[in-house]
Amino acid sequence: MKATARKRIGKWFWIIITAPVILLLFLLLLVCLFAKIPSFEELENPDNKLATQVLAENGETLTTFHIENRTYVSYDELSPALVSAAIATEDSRFYRHSGIDMRGLARVAVKTLLMHNSSQGGGSTITQQLAKTLYPRREVNSRVPGWSKVVMVWTKLKEWVTAVKLERDYTKDEIMVMYLNSIFFGSNAYGIKAAAETFFGKEPSELNVEESALLIGMVNKPTRYNPVLNPDKSLTRRNFVIGRMQKNDFITKAECDSIQQIPISLSYQVQDHNSGLAPYFRDMLRRTMNAQKPKRSSYTSDEDYSADSLLWATDDLYGWLNKNKKADGEKYNLDRDGLRIYTTINYKMQKYAEEAMAEHLGKNLQKSFFRDLRGKTHKPFSNDVDKETRERLMKQARRWSDRYRSRKADGVSESEILKSFSKPVQMRIFSWNGKGYIDTLMTPDDSILYYKSILRAGFLAIEPVTGHIKAYVGGPNYRYFKYDNVRQGRRQVGSTVKPFLYTLAMQSGMTPCDKVVNVPQSWILPDGNTWTPRSTDKDEYIGKTVTLKWGLAHSSNNISAYLMKQLGPEAMAGMMHQMGISAHIDAVPSLCVGPADLSLYDMVPSYNTFPSMGVYVTPLFVTRIEDANGNVLGEFTNRKKEAISDRTAYLMANLMQGVVNQGTGSRLRSVYGLKGQIAGKTGTTNDNSDGWFIGYTPSITAGVWVGAEDRQVHFQSLALGSGSNMALPIWGIWMKKILADGTLGISENDRFLEPAGMVLDLSCSGGDDDAVNRKQKEEEYYFE
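Model, not experiment: these values are computed from the prediction.

Chemist: Give me the lowdown on the nonpolar core, citing residues and values where you can.
Modeler: If you look at the biggest cluster of nonpolar residues, it comprises 97 residues, and the most contacted ones within it are Phe281, Leu285 and Tyr472. Sort the elements by how many residues they give to this core and helix 25 (residues 646-662) lands first, with eight residues. Filtering out sequence-adjacent residues up to four positions away, Tyr472 remains in contact with Tyr280, Phe281, Met284, Ile345, Gln350, Phe459, Leu460, Asp484, Val486, Arg487 and Tyr601. Formed by 45 residues, the second largest nonpolar core is a distinct cluster that contains Tyr170, Ile183, Phe185 and Leu207.

So, in structure tokens, the structure goes:
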């Protein structure tokens, strides 16, 4: 071969070899010069959609606000097994390359592309996969042939440049944690923290080898290897990852063989807006922080307008999102800004409260109510409800339904919409069965009637002295029942109003053991009619001399009416407002038996005045808010005022212990075996529509309401529809769990503190020995 020919061949050889390299370097230079490469902030926070965490008092995550359920963790919060699994499976040379692994690319080119051996995996390093999250693949629509390939190459080159930039400016540990924070694991879990909580109910640091392997195995195909959707494929993939960990010397052969035999064990809970712990609290928190400045035109009563105006002026959390701005002037966004909201909720108390409600409603009360419905002609409405009322309630329910609103928005006629409510359709409805739902065929009208027959409930617990809310349960199931029965719902309070009247009596100088005659009381009303409260006492007690403690323990309307005659409705309404009730109160004689419509959020903080030694404390449920970087944006405290004397508070605790020891609350002793000092009051309203129990110990105050959506739906008998049967059991079950836990600072040994210098005979029990035949003249006990 001639020398010129050899030179020509050599020349083309080097051109062929070097041209692609030069072209690649030229393209990379163009990318560096002209392509938009992300900033450091974008690298550390690729999508800028961080979930806001709502944290319990001990730092546990209660719930989140999010578009994507993503919460970042630090490297120290990762399980070593998690890091090992990621390296073994995704990038075995992670610690030996600088962002782009040329050896890995060569392996892919030879074994995967030429030899069709896909077991070798892809050529992208973990750093490149992290960079890839910054450039989501978009569909390219162009008439230019091959343009989509050009766009793909350009994007790939940007990823390479970004990967090198990442390696230059971050440590390997920082890259690893950014990578694990960026992954989508399916089931609405974005990032490793959300994935660990969703599939295992754990923190990332708590994951063991098999759990870590399962999650890492889902990285590239989160649906295909989802252990809930495809358990067999997930198990195979998990064991493959475990095998890779052994091959890369992260675990021994013996450990590999042993761990691969372990079945998949999940604690699966999708972290969506309807699930998780404290969903009603989460919703209330959002409403509070999003509150607008009150306008008088938006309110029907002066009291409600004044109460919200006071909140706007004095409560920094109320309307916080509208009162505070970021440095750039934008509003904070709960779903995107990654705030940390530190609450007063105790994780265990909240969990026990939700369990107690489900246990009582699901296992007992709802079954009793369904049996009670058998005797009703127009189920679920009571037999005394007229046709006009039933039709009005059904019409209202239809108009409030999503079905009606969506079809109305679509322009469907009124007649067609109403006709659709009588046509059977496939639907999923709530049930207290193990799954929490039933798939069935029924008409929308029948589904409305069915849901009206489901009992609702609310539960609120507050710590004395501090006013910290410890548990908040607004209903039986947030997915199906969004209405908050703690703060939004207002129902007749029944006999739970009576302690306010007795408080007024104690503040006026009376004592629990003072005696009165148990006889009916009557009022002549302004219209000339006479009103006499219906007696709730057995005939054998009428005319006997009883103590005030007996009167409250047995919830006697006669004794309450007697006190109302002595003290007056205006004074009683004033006492209620003084103890924190902000809602409108009609100062009428019947107030003594509880016709007022109030919420648990009104009642429980007011009752909390008693164990707080007479000091009313406004409820507090958030202590501080931080941004995603830990900077404190706001700190919160509550307001306190002396509502009653410590002597009166102590006397009321003595009075209300009689309810639990000898009266309508005695099931706490006889059925639930609770010991120690417990005070409380049951409440039952007209026709058994509402059942209440609010109780307290020296260390905690909690209240329960139970009833149906409509007051026309209720138990027929007092035995089933009383507060002692509907509401008290939830309190009893919850307190049993609290005491059994032993770590919550609440004990049977807690005692109400007697004020210094108080000397009174409080030996009366509130039981039958306090009701005796009258031996003295009536005027010694009762005066007009």
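Okay, back to it.
Chemist: Hey, could you go over the environment of Gly574 for me, with residue numbers and the actual values?
Modeler: Structurally, the position occupied by Gly574 is in helix 23 (residues 569-578). Residues Gly574 and Ala587, spaced 13 residues apart in sequence, show a C-alpha to C-alpha distance of 8.7 Å.

Chemist: Describe the state of the cysteines, and please don't skip the residues or the numbers.
Modeler: Tallied over the full model, the rule gives one disulfide. There is a disulfide in this structure between Cys513 and Cys764, and the S-S distance comes to 2.0 Å. Across the disulfide from Cys513 to Cys764, rotation about the S-S bond amounts to roughly -90°, and the bridge is consequently left-handed. You can see Cys513 sitting in the loop between helix 20 (498-507) and strand 9 (515-517) and its partner Cys764 sitting in the loop between helix 29 (728-741) and strand 21 (771-772), a full 251 residues away along the chain.

Chemist: Can you tell me about a negative patch on the surface, naming the residues and giving the values?
Modeler: Residues Asp76, Glu77, Asp173 and Glu174 make up a contiguous surface patch of negative charge. Along the chain, Glu174 turns up in helix 7 (residues 172-182).

Chemist: Before we move on, can you summarise a nonpolar patch on the surface with the specific residues and values?
Modeler: Taken together, the side chains of Val228, Leu229, Leu266 and Tyr268 make up a nonpolar region of the molecular surface, amounting to roughly 320 Å² of accessible area. Following the sequence through the fold, Leu266 ends up in the loop between helix 11 (253-260) and helix 12 (279-289).

Chemist: Break down the sheet that holds strand 6 (residues 456-462) for me, with residues and values.
Modeler: On the basis of which strands lie adjacent, the open sheet formed by five strands has the order 7-6-20-19-18 and antiparallel pairing. With partners counted over all chains shown, the strands left at the sheet margins are strand 7 (469-473) and strand 18 (679-684), one partner each. With strand direction ignored, the average angle separating the axes of adjacent strands in the sheet is 5°. Here seven bridges tie strand 19 (residues 690-696) to strand 20 (residues 701-707), and the two strands are oriented antiparallel to one another. Its bridge partner being in strand 20, Tyr696 is matched across the sheet by Thr701.

Chemist: Give me the lowdown on the pattern of salt bridges, citing residues and values where you can.
Modeler: The final tally for this structure, using the stated rule, is 27 salt bridges. Here Glu211 makes a salt bridge to Lys202, at a shortest N to O gap of 3.0 Å. Here the salt bridges share partners, and the residues they tie into one network are Lys193, Glu197 and Glu203.

Chemist: Run through the pairing of strand 2 (residues 61-65), naming residues and quoting values.
Modeler: Each regular strand carries side chains that alternate between the two faces of the sheet. Counting buried positions over the five residues of strand 2 gives five, a clear majority of the element. As paired elements, strand 1 (residues 52-55) and strand 2 share four bridges and run antiparallel to each other. Note that in strand 2 the partner of Val54 across the bridge is Thr63. Between strand 1 and the antiparallel strand that follows it, strand 2, lie five residues; Gly59 among them carries a positive phi value of about 95°.

Chemist: Talk me through helix 25; I want residue IDs and the actual numbers.
Modeler: Between the first and last C-alpha of helix 25 there are 24 Å, a value that for 17 residues agrees with the 24 Å anticipated at 1.5 Å per step. Of all 17 residues in helix 25, 13 are buried; the element is thus mostly enclosed.

Chemist: If you had to explain the side chain of Asn518 to someone new, which residues and values would you point to?
Modeler: Structurally, Asn518 can be placed in the loop between strand 9 and strand 10 (523-524). Since its relative accessible area comes to 0%, Asn518 is described here as buried. Separated by 3.0 Å, the side chains of Asn518 and Asp537 make a polar contact. One polar contact links Asn518 to Asn558, side chain to side chain, over a distance of 2.9 Å. Look past the residues within four positions of Asn518 in its chain and what remains in contact with it is Asp537, Tyr541, Ile542, Gly543, Lys544, Val546, Trp550, Ser556, Asn558 and Ile559.

Chemist: Which residues make up the sheet that holds strand 3 (residues 340-343), and what values go with them?
Modeler: The five strands are arranged 2-1-3-15-16 in an open sheet whose pairing can be described as mixed. Looking at the sheet topology across the chains shown, the edges are occupied by strand 2 and strand 16 (632-635). Averaged over all pairs of adjacent strands, the angle between their axes in this sheet comes to 15°, without regard to strand direction. In this structure, strand 1 lies alongside strand 3, joined through three bridges in parallel fashion. Pairing of Leu55 across the sheet is with Tyr342, part of strand 3.

Chemist: Give a detailed account of unusual backbone geometry, specifying residues and quantitative values.
Modeler: The omega torsion across Lys379 and Pro380 is 0°, close enough to zero to call that bond cis. Topologically, Pro380 is positioned in the loop between helix 15 (347-372) and helix 16 (387-400). Here Asn688, not a glycine, exhibits a phi torsion of approximately 65°, which is positive. Along the chain, the position of Asn688 falls in the loop between strand 18 and strand 19. According to the relative accessible area criterion, Asn688 is buried, its value standing at 10%.

Chemist: Could you give an account of the packing of aromatic side chains, with specific residues and numbers?
Modeler: This structure, assessed with the given rule, holds 24 aromatic pairs. With a centroid separation of 5.5 Å and 45° between ring planes, the pair formed by Phe199 and Tyr268 is classed as tilted. Residue Phe199 is found in helix 8 (residues 192-200), and its partner Tyr268 is found in the loop between helix 11 and helix 12; the two are separated by 69 residues along the sequence. Residue Phe199 is classed as buried on the basis of its relative accessible area, which comes to 0%. Exposure remark for Tyr268: the relative accessible area of 33% places this residue in the partly exposed category. On the basis of an interplanar angle of 80° and a centroid distance of 5.6 Å, the ring pair of Phe693 and Trp731 is categorised as edge-to-face. Of this pair, Phe693 sits in strand 19 while Trp731 sits in helix 29, and the two are 38 residues apart along the sequence.

Chemist: Kindly report on the packing of helix 3 (residues 80-90) against helix 10 (residues 231-247), identifying the contributing residues and their values.
Modeler: The geometry of helix 3 relative to helix 10 is characterised by a closest axis approach of 8 Å and an angle of 90° between their N-to-C directions. Comparing the axis directions of helix 3 and helix 10 gives the class roughly perpendicular. Across the interface between the two elements, Ala81, Ser84, Ala85, Ala88, Thr89 and Glu90 from helix 3 touch Arg237, Val241, Arg244 and Met245 from helix 10. When the residues that make up the contact of helix 3 with helix 10 are grouped by side-chain class, the tally is five nonpolar, two polar and three charged.

Quick notes on the rules
Residues numbered from 1 in each chain as written. Predicted model: local features only at pLDDT ≥ 70, side-chain atom pairs only at ≥ 80, totals over all residues. Heavy atoms only, no water. Core = buried A, V, L, I, M, F, W, Y, C linked by side-chain atoms within 4.5 Å. Buried < 20%, exposed > 50% of the residue type's maximum accessible area, 1.4 Å probe, protein only. Helix = DSSP H or I, 4+ residues; strand = E, 2+ residues; numbered from the N terminus. Contact = heavy atoms within 4.5 Å. Disulfide = S-S within 2.5 Å. Patch = residues over 30% accessible without salt bridge, like charges linked within 9 Å, V, L, I, M, F, W, Y side chains within 5 Å. Areas by Shrake-Rupley, 256 points an atom, 1.4 Å probe, with all protein chains shown as cover. Salt bridge = Lys/Arg side-chain N within 4 Å of Asp/Glu carboxyl O. Lys, Arg positive; Asp, Glu negative; His and termini not counted. Charge placed at Lys NZ, Arg CZ, Asp CG, Glu CD. Pairing = 2+ DSSP bridges. Axes fitted to C-alpha atoms, helices over the stretch in contact; angles between N-to-C directions. Expected span 1.5 Å × (residues − 1). Polar contact = N/O pair within 3.5 Å; in protein donor to acceptor, adjacent residues only side chain to side chain. Phe/Tyr/Trp six-rings, centres within 6.5 Å; stacked < 30°, edge-to-face > 60°. Parallel < 35°, antiparallel > 145°, perpendicular 65-115°, else oblique. Nonpolar A, V, L, I, M, F, W, Y, C, P; charged D, E, K, R; others polar.

Coordinates in, geometry out; function isn't part of it.
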